[in-house]
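Structural characterization, general
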Amino acid sequence: MSDTTQSQPARPLEGKAALVTGASRGIGRAIAVHLAELGARVACVATRVENAEPTASACADLTDGARAYGVDVADHGAVADLVKQVGGDLGGIDILVNNAGITRDQLLMRMSEDDFDSVINVNLKGTWNFVKAAARPLMKAGSGRIINIASVVGVTGNAGQANYAASKAGVIGLTRSAAKELSGRGVAVNAIAPGFIETDMTSEIPENERAKLVSAIPLSRMGASEEIAAAVGFLAGPGGAYITGQTLIVDGGLSL
Ligand code: NAI
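As a starting point, this report considers the structure included with it. Note that the structure is predicted; figures quoted are calculated from it, not measured.

What counts as what
- Each chain carries its own residue numbering, running from 1 in the written order of its sequence.
- For this predicted model, a pLDDT threshold of at least 70 governs which residues receive local features, and a threshold of 80 or more governs which side-chain atom pairs are given and counted, while totals over whole chains, interfaces and linings are taken from all residues.
- With hydrogens and water set aside, each side-chain value is computed from the structure's full complement of heavy atoms.
- Buried residues of nine kinds, namely Ala, Val, Leu, Ile, Met, Phe, Trp, Tyr and Cys, make up a nonpolar core once their side-chain atoms join them within 4.5 Å.
- Exposure is judged per residue with a 1.4 Å probe applied to protein chains only, and the accessible area is read against the type maximum: over 50% gives exposed, under 20% gives buried, and values in between give partly exposed.
- Helix and strand assignments follow DSSP, with helices taken as H or I runs no shorter than four residues and strands as E runs no shorter than two, numbered in order from the N terminus.
- In this description, contact between two residues means that some pair of their heavy atoms is separated by no more than 4.5 Å.
- Throughout, the term near means that a residue has one or more heavy atoms lying within 4 Å of the molecule or strand in question.
- Polar contacts, as used here, are pairs of N or O atoms within 3.5 Å; protein pairs need one atom able to donate a hydrogen and one able to accept it. Residues neighboring in sequence count only if both atoms are side-chain atoms.
- Shrake-Rupley sampling with a 1.4 Å probe provides the accessible areas, and residues are treated as covered by the protein chains on show and by no other component.
- To estimate the expected span of a helix, subtract one from its residue number and multiply by 1.5 Å.
- Our arc is simply the arc of the directions from the helix axis toward the C-beta atoms.
- Salt bridges are counted wherever a side-chain nitrogen of Lys or Arg sits within 4 Å of a carboxyl oxygen of Asp or Glu.
- Geometry is summarised by axes, namely lines fitted to C-alpha atoms with helices restricted to the contacting stretch, and by angles between N-to-C directions that run from 0 to 180 degrees.
- By definition in this entry, angles of less than 35 degrees are roughly parallel, angles greater than 145 are roughly antiparallel, angles of 65 to 115 are roughly perpendicular, and the rest are oblique.
- Each crossing gets its handedness from the near helix: less than a right angle anticlockwise from the far helix is left-handed, clockwise is right-handed.
- Residues are grouped as follows: Ala, Val, Leu, Ile, Met, Phe, Trp, Tyr, Cys and Pro are nonpolar; Asp, Glu, Lys and Arg are charged; all remaining types, including Gly, are polar.

1. Some points on the nonpolar core
Counting 34 residues, the largest nonpolar core has L19, L82, V83, V86, F130, I146 and V189 as its most contacted members. Elements represented by at least two residues in this core include exactly strand 1 (17–21), strand 2 (41–46), helix 4 (76–90), helix 5 (113–141), helix 7 (162–182) and strand 6 (187–194). Here the element with the most residues in this core is helix 5; it accounts for eight residues. Within the second largest apolar cluster, 33 residues are counted, among which are A30, I31, L35 and I149.

2. Topic: the environment of A40
Of note, A40 is situated in the loop between helix 2 (26–37) and strand 2. Residues A40 and L13, spaced 27 residues apart in sequence, show a C-alpha to C-alpha distance of 5.0 Å. Here A40 is in contact with L13, K16, A18, L35, T63 and D64, once residues within four sequence places are set aside.

3. A few points about the site of the ligand
The full set close to the ligand counts 27 residues, and S24, R25, N99, Y164 and T199 are the nearest of them. Separating an oxygen atom of the ligand from a side-chain N or O atom of T47 is a distance of 3.4 Å. N99 places a main-chain nitrogen or oxygen 2.7 Å from an oxygen atom of the ligand. Starting from 830 Å² of accessible surface for the ligand in isolation, the protein chains cover 93%. Looking at the shell around the ligand, the elements with two or more residues in it are helix 2, helix 7 and helix 8 (200–203).

4. As for unusual backbone geometry
Of note in this structure, S220 is not a glycine but carries a positive phi near 60 degrees. Tracing the chain through its elements places S220 in the loop between helix 9 (207–215) and helix 10 (225–236). Residue classification places S220 among the exposed positions, given a relative accessible area of 52%.

5. A look at helix 4
For helix 4, with 15 residues, the first-to-last C-alpha span of 21 Å sits near the 21 Å given by 1.5 Å per residue. The complete set of buried residues in helix 4 reads V79, L82, V83, V86 and L90. For helix 4, the arc enclosing every buried residue in end-on projection is 105 degrees, short of the 170-degree limit, so these residues lie on one face. Seen from the buried face of helix 4, the exposed residues on the opposite side, beyond 90 degrees, are D81, K84 and G88. Contact partners of the buried residues in helix 4: strand 1, strand 2, strand 3 (67–70) and helix 5. Taken from the residues just after helix 4, G91 is the one with a positive phi, measuring 70 degrees.

6. Overview of the environment of D117
If you trace the backbone, D117 turns up in helix 5. Distance in space between the C-alpha atoms of D117 and P137 is 30 Å, their sequence separation being 20 residues.

7. Thoughts on the pattern of salt bridges
The tally for this structure, following the rule as stated, stands at six salt bridges. With a closest N to O distance of 3.2 Å, E14 and R11 form a salt bridge. Residue R11 is classed as partly exposed on the basis of its relative accessible area, which comes to 30%. Among the salt bridges present, the one from E50 reaches R48, with a minimum N-O distance of 2.9 Å. Exposure remark for R48: the relative accessible area of 48% places this residue in the partly exposed category.

8. Some words on the side chain of T202
Within the secondary structure layout, T202 lies in helix 8. Not counting residues up to four positions away in its chain, the partners in contact with T202 are F196, I197, R210 and M222.

9. Details of the packing of helix 5 against helix 7
How two helices pack is summed up by the angle between their axes together with the distance between the axes. Running from N to C, helix 5 and helix 7 point in directions that differ by 15 degrees, and their axes come no closer than 9 Å. Viewed along their axes, helix 5 and helix 7 adopt a mutual orientation that is roughly parallel. Our pair here, helix 5 against helix 7, has a crossing hand that is right-handed. Of the residues in helix 7, those touching helix 5 at D115, F116, V119, I120, N123, L124, T127, W128, V131, A135 and M139 are N163, Y164, A166, S167, K168, G170, V171, L174, A178 and L182. Looking at the contact of helix 5 with helix 7 residue by residue, the classes come out as 14 nonpolar, five polar and two charged.

Here's what the structure looks like:
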């Protein structure tokens, strides 16, 4: 083990409070559990509180102060109320991770207005709802981290995902703008753009398409949720202190 590794505290997020959306499963669950491993108190948010409870209980095995909450991230007023409630329950919010997201894939010509609106409302407006609600308390505290989960297709575009790619490109623009507004008050804002990650979201892709996708990935495999969680842990911890407004692509080289 190198000296640099030895000098890192084992639980660098001890004393910090984190809120993670979309924490019931997949990448969001892995992020919540990893932040708990690093010592943070974690508010696990899902559409319904009972869906977030198993994650909160996994976090509670690792750290004090894990709790479950339910909200529709697209509901502006409900998100504002929830952020106040979590701040009260956990004694503030130091780390906000906007992970909740949906897909409604369809070729542009066949995509319905509802397919477009619902993806923008959850992925982009949902992220903005939380950034707006948390901005004031984070700025008042004079420190904090916001990490938004975008997607590599927000950078590259993707056939059949015009709504999703637009929402994720929007998340990247929102991240950069929020970084410019909030960094002067000590709040770093970054995005992570995952590639092709093994979760429920990608489980329905037919085997032949999956093989084609994997063959286009230089590291020759799909990513794991834990690999996205590790990047979140880095940006939320001491290593991320001087990084803001960036989009960290974690895609096994897919977008090269
Ligand atoms: P998933 O479908 O397994 O989980 C999504 C989570 O978001 C669930 O907990 C769900 O309850 C929550 N959610 C959905 N709509 C919500 C709403 N209106 N209000 C509150 N919560 C809501 O998805 P996965 O794969 O874990 O993805 C997580 C994030 O990572 C998403 O933002 C997704 O777009 C992004 N991503 C995933 C990739 C992948 O290959 N799986 C690739 C690139 C980005």
